[in-house]
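# Tertiary structure, described
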Amino acid sequence: MTRSQRLQRALPAAVLAVVTVIDVLSGPDQVILGLVVMAPLLAATTLGRRATVGYAVLALVLAALLGVYDEQYTARTLVPQAVRLLAVAVGGVLAVGACTLRQRREAQLARLSAQAATTEATLQMAEALQLNLLGPPPQVAGLESAVRYLPASQHTQVGGDWYDAFALPDGSTMLVIGDVAGHDAPVAASMAQTRAMLQAIAQRSTGSPAEVLRTLDEVLAALQLHTLVTVLVARIDARSDAVDGTRLLQWSNAGHPPPVLAQADGGVTLLDRPPESLLGIAPGARRTDHTLRLCPGDTLLFYTDGLVERRGAPLDDGLAWLVDELTRTGREPLDRLCDGLLGELGGRVDDDVALLAVRLPD
């Protein structure tokens, strides 16, 4: 027990002693016995319920005894003395009630603190597991890149968000951002399987992003992996145009939020195209490729829906916010750009957020 704790325990008893001594030294003509009620009130702020009850009873008994010394039981003073004793008794009851409420609040606070610590530890473990599933940040030759992953604050399980970037046999680069619906271990396993299958299909296929998505959808159906997946696959040519240094971007989107292009000249464009169904609904459905020329210094941002979805707000509001942010920060270093976007979310999101940002060197 610390010195401060010993002082807190001794303080109510000291108050009783001081009041008693003062009352006795003051003589029968000076009645201050009502001050003994301070003892149980002090006990209620620091001690337990049993100690507070003890001080309440002791204060009442002591007030009654001091009344004898102060000659307060005569016909003239009996009523005031009864009122004093009643006040001491009521003060004791209030002190016990206050102590009970304080202990309940302290117990509730302790439970909430323990739950918060457990949730935080579980969240950190889920984040570490998710990052382990995703592997080290992808590095692709000829492009600057940065990735980030932020778990949802309301979930303590691994999720289905992922990013990927890898070189293809012809030297081009494939970029992937995806999201398997849900938050639990089976979802994380489905994510890992889908990610690996997509990479394998892309490495052995000479087709476009749309062909890769169509093949992946058919493979998922053949393996009876009944899961819903939104995914965007993009491909950047290895060779730059000899005249202006641009490179061809080709992408296909299976129900995923559209990527954003922050151009070197400061313009920002949402690469929104007519939506196509996510994977797991209609295997073999027609998929469309879209193309665009990227200039040196252009930045592409791929993300999952946790970045732009807000509870109670339309998706268009989140997309407009993202365009505004990239208009302001699109030319910053990619690490700072990604950290700035996550910082604007305040660290708490309703769904996981995965980011993949790439930039053509100037």
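Before reading further, recall that the structure is shown in the block above.
Described in the following lines is the structure provided in the data block.

## Details of the pattern of salt bridges
Taken as a whole and assessed by the stated rule, the structure comprises nine salt bridges. Residues Arg235 and Asp170 are paired through a salt bridge, measuring 2.2 Å at the closest nitrogen-oxygen approach. Placement of the pair is Arg235 in strand S4 (residues 229–236) and Asp170 in the loop between strand S2 (161–167) and strand S3 (173–180), with a sequence separation of 65 residues. Its relative accessible area of 13% is what places Arg235 among the buried residues. The shortest N-O distance in the salt bridge between Glu325 and Arg328 comes to 2.5 Å. Taken together, the residues span about one helical turn, with Glu325 and Arg328 both in helix H7 (residues 315–329) at a distance of three residues. On the basis of relative accessibility, which here comes to 10%, the residue Glu325 falls in the buried class. Through salt bridges with shared partners, a single network forms among Arg148, Asp335 and Asp339.

## Let's talk about the layout of surface pockets
A volume near 280 Å³ is recorded for the largest pocket. Considering the residues around the largest pocket, the lining is formed by 18 residues, among which Asn253, His256, Pro258, Asp272 and Pro275 are closest to the centre. Mapped by element, the contributors of at least two residues to the lining of the largest pocket are strand S5 (247–254) and H7. Looking at the lining of the largest pocket, its residues break down into nine nonpolar, four polar and five charged.

## A look at the packing of aromatic side chains
As enumerated under the stated definition, the model contains zero aromatic pairs in all. Across the ring face of Trp321, the terminal group of Arg310 is positioned such that the distance to the ring centre comes to 4.9 Å.

## Structural notes on the nonpolar core
Trp162, Leu198, Val231, Leu300 and Phe302 are the most contacted members of the largest nonpolar core, which totals 44 residues. When near neighbours in sequence (up to four residues on either side) are disregarded, Val231 contacts Trp162, Val176, Ile177, Gly178, Leu198, Leu213, Ser252, Asn253, Ala254, His256 and Leu279.

## Notes on the pairing of strand S9 (residues 299–303)
When you tally the buried positions in S9, you get five out of five residues, the bulk of the element. By the alternation rule, side chains of S9 split into Thr299, Leu301 and Tyr303 and Leu300 and Phe302, which are all buried. Examined bridge by bridge, strand S6 (residues 260–262) and S9 share three bridges and lie antiparallel to one another. In the strand pairing of S9, Ala262 is matched with Thr299.

## Here's the deal with the environment of Leu307
With respect to the helices and strands, Leu307 occurs in the loop between S9 and H7. Leu307 sits 220 residues away from Ala87 along the chain, and the two C-alpha atoms are 61 Å apart. Contact partners of Leu307, with chain neighbours within four places excluded, come to Trp321, Leu322, Leu341, Leu345, Val353 and Leu355.

## Looking at the sheet that holds strand S10 (residues 353–359)
Either a parallel or an antiparallel arrangement is found when strands of a sheet pair, and the pairing is made through backbone hydrogen bonds. The sheet built from five strands is open, its strands ordered S1-S10-S9-S6-S7 with antiparallel pairing. Each edge of the open sheet carries a strand with a single partner, namely strand S1 (144–150) and strand S7 (268–270). The average undirected angle you get between the axes of adjacent strands in this sheet is 15°. Across seven bridges, the pairing between S1 and S10 is antiparallel. Residue Ala146 lies in a different strand from S10, and its bridge partner there is Ala357. Lying over the sheet, H7 contacts S6, S7 and S9, oriented at roughly 155° with respect to S7. Strands S1, S9 and S10 of the sheet are contacted by helix H8 (residues 334–344), whose axis makes an angle of about 25° with S1.

So, how was this worked out
Residues numbered from 1 in each chain as written. Predicted model: local features only at pLDDT ≥ 70, side-chain atom pairs only at ≥ 80, totals over all residues. Heavy atoms only, no water. Salt bridge = Lys/Arg side-chain N within 4 Å of Asp/Glu carboxyl O. Helix = DSSP H or I, 4+ residues; strand = E, 2+ residues; numbered from the N terminus. Buried < 20%, exposed > 50% of the residue type's maximum accessible area, 1.4 Å probe, protein only. 1 Å grid on protein atoms, 1.4 Å probe; cavity = no way out; pocket = protein on both sides within 12 Å on 5 of 7 lines; lining within 4 Å. Points joined across faces, edges and corners; volume = space filled by probe spheres on them. Nonpolar A, V, L, I, M, F, W, Y, C, P; charged D, E, K, R; others polar. Phe/Tyr/Trp six-rings, centres within 6.5 Å; stacked < 30°, edge-to-face > 60°. Lys NZ or Arg CZ within 6 Å of the ring centre and 35° of its normal. Core = buried A, V, L, I, M, F, W, Y, C linked by side-chain atoms within 4.5 Å. Contact = heavy atoms within 4.5 Å. Pairing = 2+ DSSP bridges. Axes fitted to C-alpha atoms, helices over the stretch in contact; angles between N-to-C directions.

Shape is all these values report; function is a separate question.
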